[in-house]
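# Descriptive analysis of the structure
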Amino acid sequence: MFSLRNCGLWVAASLTKKRLTLARFSGDSAAPLATKFDVIVIGGGHAGTEAAAAAARCGSRTLLLTHRVDTIGQMSCNPSFGGIGKGHLMREVDALDGLCSRICDQSGVHYKVLNRRKGPAVWGLRAQIDRKLYKQNMQKEILNTPLLTVQEGAVEDLILTEPEPEYTGKCRVSGVVLADGSTVHAESVVLTTGTFLRGVIVIGLEMHPAGRLGDQPSIGLAHTLEKLGFVVGRLKTGTPPRIAKESINFSILNKQTPDNPSIPFSFISETVWIKPEDQLPCYLTHTNPKVDEIVLENLHLNSHIKETTRGPRYCPSIESKVLRFPNRLHQVWLEPEGMDSDLIYPQGLSVTLPAELQEKMITCIKGLEKAKMIQPGYGVQYDYLDPRQITPSLETHLVQRLFFAGQINGTTGYEEAAAQGVIAGINASLRVKRKPPFVVSRTEGYIGVLIDDLTTLGTNEPYRMFTSRAEFRLSLRPDNADSRLTFRGYKEVGCVSQQRYERASWMKSSLEEGISVLKSIEFSSSKWKKLIPEASISIGKSLPLRALDVLKYEEVDMKLLATAVPAPLKKYITCRELAERLKIEAIYESVLFHQQQQIKEVQQEEALQLPKDLDYLTLRDVSLSYEVREKLHFSRPETIGAASRIPGVTPAAIINLLRFVKTTQQRQAAMDELSNTDQYLCETDKLEERHL
């Protein structure tokens, strides 16, 4: 780790919502505000901020340790949030009262819903974000969160103690050791180190130790994790150069304007902070054969692309695109970095060539002929830990009460990090209280899909969320994340505010009432055609149609339907979100019934819990190959369903395992019954003795 500019800097958030002056103690001898917390979160990125805030919302005294307070909430790569699949994660994080969606609604400069040509189940909410504004708003939120303390500090080591006998794991974490030798103790620790574990920045043939540009890597912590026996891998990613806005000829490029009206990310935001007409446009350009030529002629000057370390498949560098898809034109989106920023982010142009060649390549692209490069693009190589070493609660198998979240688990993207962060923070707090973990299953949310994929399949390349990864996309939509997760978050763990819970309750009851009313209104198809001539309703056979059926037509929305039948329906169009959600419920009404049946079948499999103390390597009462035993021993699935998704675990092995679990459960039930009978007979004998 690196030595701090100000080792003793501590920042304490007030225990009320009022903003207090930050407490600063300069010098190495400064005494900390406390040396014992319930939860310590290491890292102030997108996973760390969500984890720290979630643990504090659950009522745990939480410490957030970060290299520098002024980098909390920093968007290290692209200036955007959301997208296809990623927008779903943001809605689910928000449903659990997470931060990033609300902060995006206060900081965006261009809001757009992607994938509109397809159904609402796969729409992707996305926004260009003002970097400076997002960081300011996130820091304001974090530094004013009750029960949350923020300290600048570099963590060199973990404090380990004897394990709890009732849980698996070789030891238990009980705190951290800072770079200055001081210690801070805690009941749970969450690691959200991003790309900092032995991170290296690469430009051309030059390599420099760094977690990101301007920040030193984490070396001591990486060594500690390796010594503990964690399986460590290596991944790489990259970022494009930054271009001066004034040097770009936007007049010859394709312009993209924001949506009007703009759809907010958060369920509790009525609107975003900025009007559509005041938002900034994005522009589209493309690469050309000259770009390919520069890349191919200079591969010998690019060590990053020659590395065997796996990079992101779905957000590859321009060098990877040229090599993988030769003779193609590739999109380059020119995205603003903020309202008052002079920089443009060329999305799709991640590159690690030497700086002078990057500048040469940029000026070959349409609209960028006179572009001025302000900062070169660069690659980052970093350690990650095989995510099959964590449970669905994100606690590690090896070390009790140690949780991993974010890029340390092999994911890429702000949204994937935030989703893991909120789950890790909740479960770190629950672990302190000795309560059962909070687990989101594949049938409940994209967060569940993300974590299940990581913990059962692992990853050997940066993992990115897509809608195609979810089996039950029609049920796991962006619009209904609150009905899936907010009530669980409020009742089971207490991480959801009363305001959000009441809002979700109102929406749930309004939807149920609205659907009931729509089902009760019934006219002939010919009458509906007269009432709503815009709808393509067939009148060949004058069959009765419910209002809910009419709402399924593409041309019909709640506003049009309420105009046709105003008395019972006009109250449902006063809230934009309610009207839109009723339309979506109508669209998917017929197919959701069948999907709910499939979900129940999967939930039955997931309900078959595997004993946590099973030693698969020495288990004698079940027929399993040694390969299967090794895979089960490494991943330690918690349910039969999770075991069935591990590559290499055969259907025959699952049947044998299922038979073993059921036999064991029956044997245990019989023993419990016998024990109860013995106890009853013993008590009866004692009673008779007393009578005698």
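Every residue gets a number counted from 1 within its own chain, in the order that chain's sequence is written. The predicted nature of this model means local features are confined to residues of pLDDT at least 70 and side-chain atom pairs, given and counted, to a pLDDT of 80 or more, with totals for whole chains, interfaces and linings taken over all residues. To obtain the side-chain values, all non-hydrogen atoms of the structure were used and water was disregarded.

The name an unreviewed UniProt entry assigns to the chain is 5-taurinomethyluridine-[tRNA] synthase subunit MTO1, mitochondrial, from the organism Panthera pardus. The UniProt entry for the chain carries the following comment under Sequence similarities (unreviewed entry): "Belongs to the MnmG family." UniProt positions are given in the numbering used here, feature names are shortened, and annotations may be inferred rather than shown by experiment. Comment text from UniProt for the chain, heading Subunit (unreviewed entry), reads "Homodimer; forms a dimer in the presence of potassium. Interacts with GTPBP3; forms the GTPBP3-MTO1 complex composed of homodimers of GTPBP3 and MTO1."

## Here's the deal with the packing of aromatic side chains
What counts as a ring pair is set by centres within 6.5 Å for rings of Phe, Tyr and Trp (its six-membered ring), and what kind of pair is set by the plane angle: stacked under 30 degrees, edge-to-face over 60, tilted for all other angles. Applying the stated rule across the entire model yields 7 aromatic pairs. Geometrically, the ring pair formed by Phe487 and Tyr501 is edge-to-face, given 5.8 Å between the ring centres and 80° between the ring planes. Of this pair, Phe487 sits in helix α12 (residues 481-493) while Tyr501 is found in helix α13 (residues 498-520), placing the two residues 14 residues apart along the sequence. Taken as a pair, Phe487 and Tyr501 share a single burial class, namely buried. Judged by centre distance (5.0 Å) and plane angle (50°), the rings of Phe523 and Trp528 are tilted. Burial here depends on accessible area, computed with a 1.4 Å probe over protein chains only, as a share of the maximum for the residue type. Under 20% is buried, over 50% is exposed, and the range in between is partly exposed. With relative accessibility at 23%, the residue Phe523 sits in the partly exposed group. An aromatic cluster is built from Phe81, Tyr134 and Tyr414, whose rings are joined through pairwise contacts. Every helix listed is a DSSP run of H or I at least four residues long, and every strand listed is a run of E at least two residues long, numbered separately from the N terminus.

## Thoughts on the sheet that holds strand β17 (residues 331-336)
Note on pairing: DSSP must find at least two bridges between two strands before they are called paired. Taken together, 6 strands build an open sheet; the order of strands is β15-β16-β17-β18-β14-β19 and the sheet is antiparallel. Each of the sheet's edge strands pairs with one partner strand only, and the pair in question is β15 (254-256) and β19 (373-375). Each strand axis lies, on average, 35° off the axis of its neighbour in the sheet, ignoring direction. Angles shown run from 0 to 180 degrees and are taken between the N-to-C directions of axes, each axis being a line fitted to C-alpha atoms and, for helices, limited to the stretch in contact.

## Side note on the packing of α13 against helix α18 (residues 576-587)
For any two helices packed against each other, the geometry comes down to the angle between their axes and how far apart the axes lie. Taken N-terminus to C-terminus, the directions of α13 and α18 make an angle of 50°; their axes are 10 Å apart at the nearest point. Judged by the inter-axis angle, α13 sits oblique to α18. The element α13 and its partner α18 pack so that their crossing is right-handed. On α18, the residues touching Arg503, Trp506, Met507, Ser510, Leu511, Gly514, Ile515 and Leu518 of α13 are Glu577, Leu578, Arg581, Leu582 and Glu585. All amino acids are sorted into three groups, where Ala, Val, Leu, Ile, Met, Phe, Trp, Tyr, Cys and Pro are nonpolar, Asp, Glu, Lys and Arg are charged, and the leftover types, Gly among them, are polar. Here the residues of the contact of α13 with α18 sort into 7 nonpolar, 2 polar and 4 charged. Angles below 35 degrees are treated as roughly parallel, those above 145 as roughly antiparallel, those between 65 and 115 as roughly perpendicular, and all remaining angles as oblique. Handedness of a crossing follows from how the near helix is turned relative to the far one, being left-handed for an anticlockwise turn of less than a right angle and right-handed for a clockwise one. Contacts between residues were defined by any pair of non-hydrogen atoms, one from each residue, lying within 4.5 Å.

## Focus on the pattern of salt bridges
Pairs can form between side chains of opposite charge whenever their charged atoms are close. Whenever Lys or Arg places a side-chain nitrogen within 4 Å of a carboxyl oxygen from Asp or Glu, that contact is recorded as a salt bridge. In the structure shown here, the tally under the stated rule is 45 salt bridges. Here Arg242 ties to Glu337 by a salt bridge, and the two come within 3.1 Å at their closest N and O atoms. With a gap of 95 residues between them, Arg242 in strand β14 (residues 242-244) and Glu337 in the loop between β17 and β18 (343-347) connect regions that are remote in the sequence. Side by side, Arg242 and Glu337 carry an identical accessibility label, which is buried. The closest approach of N and O atoms between Arg546 and Asp549, which form a salt bridge, is 2.8 Å. Each member of the pair Arg546 and Asp549 is classed as buried. Beyond isolated ion pairs, a larger network of salt bridges with shared partners links Lys36, Glu164, Glu166, Arg172, Glu187, Glu395, Arg401, Arg431 and Arg434.

## Re the side chain of Thr639
As for its placement among the helices and strands, Thr639 is situated in the loop between α20 (626-635) and α21 (640-644). Polar contact criterion, stated in full: a pair of N or O atoms within 3.5 Å, where within protein one must be able to donate a hydrogen and the other to accept it, and residues adjacent in sequence count only if both atoms are side-chain atoms. Reaching out from Thr639, the side chain makes a polar contact with the backbone nitrogen of Ala642 at a distance of 3.0 Å.

## Considering the side chain of Glu319
Note on placement: Glu319 falls in helix α8 (residues 318-324). Positive charges come from Lys and Arg alone, negative charges from Asp and Glu alone, with His and the N- and C-terminal ends not counted. One buried charged residue, Glu319, forms no salt bridge at all, with the nearest opposite charge on Lys236 at 8.8 Å. Among the polar contacts listed, one links the side chain of Glu319 to the side chain of Asn302, at a separation of 2.7 Å. In terms of polar contacts, Glu319 uses its side chain to reach the backbone amide nitrogen of Thr352, at 2.9 Å. Once you skip the residues sitting within four places of it in the chain, Glu319 turns out to touch Val295, Asn302, Ile305, Ser350, Val351, Thr352 and Leu353.

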